[in-house]
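Commentary on secondary and tertiary structure
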Amino acid sequence: MSASTPAFLVDHLRHPRRIGLFGRRGVGKTTLLTMLYREATQGRSPDLRLAAGDAATAEYLRDKIAQLEGGERLPATLAQTSLRFNLYRNDQRIELLILDYQGEHVELGQTAPIQAFFHSCDVVLLCLESPPGENASATAELEIEQLIEQYLSQSPEGEAHRPMALLRMKADRVPESTDGRFAPQTTHSLTMHTRQHTSSPTTFAVSSYRVEGEKTVLQPQGLAPVLDWLAETLHRLDAARLAQLFRISASVPVKRRALQAFARAYPSDPLVAELTPEVRIDWAWWRRLGVGTAASLLLVICLMLYDRWGAAQMLAEDERLRDDPRAARLAWQQYQRWHPTRSLFGSADPARARATAYAAALAELEIRLDQDDVHQVREDLAHVMQQY
């Protein structure tokens, strides 16, 4: 499905936004996701809250939090994990589906599943360990470069690129900066250069632990800016998709469904009030209704004229066949067959048709008097008189 079609745009506005968490196995993706949930649910991020979107997600993260708070390290993820969240920021409520990519597949040469994963996401968070070793640094940067360059080469012309952020994991191992981010020229220079092709490139330094003397304690750092950036980025992305849908689609029901989904997520966005008048009245539906009504009325008029013409023709034929009741009955039967709607418009004459049929039945009995048994004819006469 092309990213510029109304069906794609409506689908992505009405369903949870897909967030890809991409990085090597052991870089700390699962730990990061668990700590994001732990910090946001405990009210430690002003104006931000992250709630589990279903029972399976809540149970999965509850177990992970218990392991971390008990001093355990989380094992590497062996399969892709999909977790549902609701991200709240002020009055916004954004449904998320966060995909924790299977890290063991992140190797040079294994590009097909990575590209499929990347194209399925609305936003991608690229996770690189910091400070990297020399070999690990080169390999990790080549992986990210390969991912982005192949994505760019396979993207249809004119399609907007996925927003992405680079997360410098385990940032407690390097000296802190003033704003929680690091300068591009210090590390990951190749990745920073590649990411200039993508939309809204941003880099965050994050950590779940802090070293205090000889102990490592659970002390998250730099997590709130990631959630804030994610909420802001999704807001801009959804607003752009909604505006594009209103430009390319003429279907009011489609636009109304998209606007309702957008308003549920961002109730105070000015676009809601601005675009509501465009979906209040479906002029195309009213035009179709008017055309259908006019066509139905024309059909009724044509049927009425046709039946009245047939009734006039039948009355003239009945007058002509007055002396031949059997022929007159046949004519009435043909008239009834060709004019099934005659009774709807008052053009039928059932009494006259009944009288003609009675006269034809008597004429047939009169002919049979000379051929059949008299008693049988009398029985048939009694039946005819009872019928008519």
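In the block above lies the structure referred to throughout.
1. Notes on unusual backbone geometry
Even without glycine at this site, N90 takes up a positive phi of about 55°. Position of N90 relative to the elements: it lies in the loop between β3 (81–89) and β4 (92–100). Judged by its relative accessible area of 58%, N90 falls in the exposed class.

2. Section: the pattern of salt bridges
For the structure on display, the rule yields nine salt bridges. A salt bridge links E39 to R38; the shortest N-O distance between them is 3.0 Å. Linking E232 and R89 is a salt bridge whose minimum nitrogen-to-oxygen distance equals 2.8 Å. Of this pair, E232 sits in helix α7 (residues 224–248) while R89 sits in strand β3, and the two are 143 residues apart along the sequence. Given the relative accessible area of 10%, R89 is considered buried. Here the salt bridges do not stand alone but share partners, grouping R89, D228, E232 and R236 into one network.

3. Describing the environment of T202
With respect to the secondary-structure elements, T202 resides in strand β7 (residues 202–205). Since its relative accessible area comes to 11%, T202 is described here as buried. Sequence separation of T202 and L125 is 77 residues, and the distance between their C-alpha atoms is 9.8 Å. There is a polar contact of 3.2 Å between the side chain of T202 and the side chain of W229.

4. A closer look at the side chain of S249
If you trace the backbone, S249 turns up in the loop between α7 and α8 (252–265). There is a polar contact of 3.2 Å between the side chain of S249 and the backbone nitrogen of S251. If sequence neighbours within four positions are ignored, S249 has contacts with P6, V254 and K255.

Cut-offs used in this document
- Residues numbered from 1 in each chain as written.
- Predicted model: local features only at pLDDT ≥ 70, side-chain atom pairs only at ≥ 80, totals over all residues.
- Heavy atoms only, no water.
- Helix = DSSP H or I, 4+ residues; strand = E, 2+ residues; numbered from the N terminus.
- Buried < 20%, exposed > 50% of the residue type's maximum accessible area, 1.4 Å probe, protein only.
- Salt bridge = Lys/Arg side-chain N within 4 Å of Asp/Glu carboxyl O.
- Polar contact = N/O pair within 3.5 Å; in protein donor to acceptor, adjacent residues only side chain to side chain.
- Contact = heavy atoms within 4.5 Å.

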